[in-house]
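# Structural overview for review
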Amino acid sequence: MQQIEVKSIIKAPISKVWECWTSPNHIVNWNFASNDWHCPKAENNLVIGGEFHYLMSAKDESFSFDFWGTYVNIEKGRYLQIVLGDGRKMAVIFEFLDNETIITEKFDPETENPLELQKKGWQMILDNFKFYVEK
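Only a predicted model underlies this, so the values are computations on that prediction, with no experimental measurement involved.

### A closer look at the environment of Glu 112
Here Glu 112 shows up in the loop between β7 (100-107) and α3 (115-134). Judged by its relative accessible area of 73%, Glu 112 is exposed. For the pair Glu 112 and Val 6, spaced 106 residues apart in sequence, the C-alpha separation works out to 19 Å.

See the structure below:
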């Protein structure tokens, strides 16, 4: 199974990018793909074997779900390896280059939605993250 990859270049130091990516106080401000969704609650136990739980919710309260995973490997400021709640594998890579941070997410696709739709949704969340960090 081929993984999906999304990427963004963020005009911020890696320390700020890492903090915004891993701190629940920040996650609730960027972890959604469009303005009709939000992330009202985020928990993150950033240790190997620890879990994160992000409540993904439509603002009109018509739908919500717990997006969660377990950390398999953590290299602070560089890399996160995760097994998502449904068993799919995911990696987040942080690279610092020329006063910018390149963040790359690679993940196994799920089977319910077309690959392009999944890639577009994850890229929209990553774009929202970029906007949040750079503002």
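There is more to say, and it comes next.
### Remarks on the layout of surface pockets
Approximately 1100 Å³ is the volume found for the largest pocket. Forming the boundary of the largest pocket are 39 residues, of which Met 56, Phe 65, Phe 67, Trp 122 and Ile 125 lie nearest the centre. At the level of secondary structure, the elements contributing two or more residues to the lining of the largest pocket comprise α1 (14-22), β2 (37-44), β3 (51-58), β4 (64-75), β5 (79-84), β6 (89-97) and α3. Partitioned by chemical class, the residues of the lining of the largest pocket number 22 nonpolar, 11 polar and 6 charged.

### Re the sheet that holds β5
Across the sheet, which stays open at both edges, the 7 strands sit in the order β1-β7-β6-β5-β4-β3-β2 with antiparallel pairing between neighbours. Each having just a single partner strand, β1 (4-10) and β2 make up the two edges of the open sheet. Each adjacent strand pair in this sheet contributes to an overall mean axis angle of 20°, direction not counted. As paired strands, β6 and β7 are joined by 8 bridges and run antiparallel to one another. Directly across from Ile 93, in β7, lies its bridge partner Thr 104. Strands in contact with α3 are β1, β3, β4, β5, β6 and β7; relative to β1, the strand with the most contacts, it is inclined by about 20°.

### Structural notes on the pairing of β2
One ladder, built from 6 bridges, connects β2 with β3; its direction is antiparallel. Its bridge partner being in β3, Glu 43 is matched across the sheet by His 53. In this structure, the hairpin formed by β2 and β3 is closed by a connection of 6 residues, where Gly 49 is found at a positive phi of approximately 90°.

Rules used throughout
- Residues numbered from 1 in each chain as written.
- Predicted model: local features only at pLDDT ≥ 70, side-chain atom pairs only at ≥ 80, totals over all residues.
- Heavy atoms only, no water.
- Helix = DSSP H or I, 4+ residues; strand = E, 2+ residues; numbered from the N terminus.
- Buried < 20%, exposed > 50% of the residue type's maximum accessible area, 1.4 Å probe, protein only.
- 1 Å grid on protein atoms, 1.4 Å probe; cavity = no way out; pocket = protein on both sides within 12 Å on 5 of 7 lines; lining within 4 Å.
- Points joined across faces, edges and corners; volume = space filled by probe spheres on them.
- Nonpolar A, V, L, I, M, F, W, Y, C, P; charged D, E, K, R; others polar.
- Pairing = 2+ DSSP bridges.
- Axes fitted to C-alpha atoms, helices over the stretch in contact; angles between N-to-C directions.
- Contact = heavy atoms within 4.5 Å.

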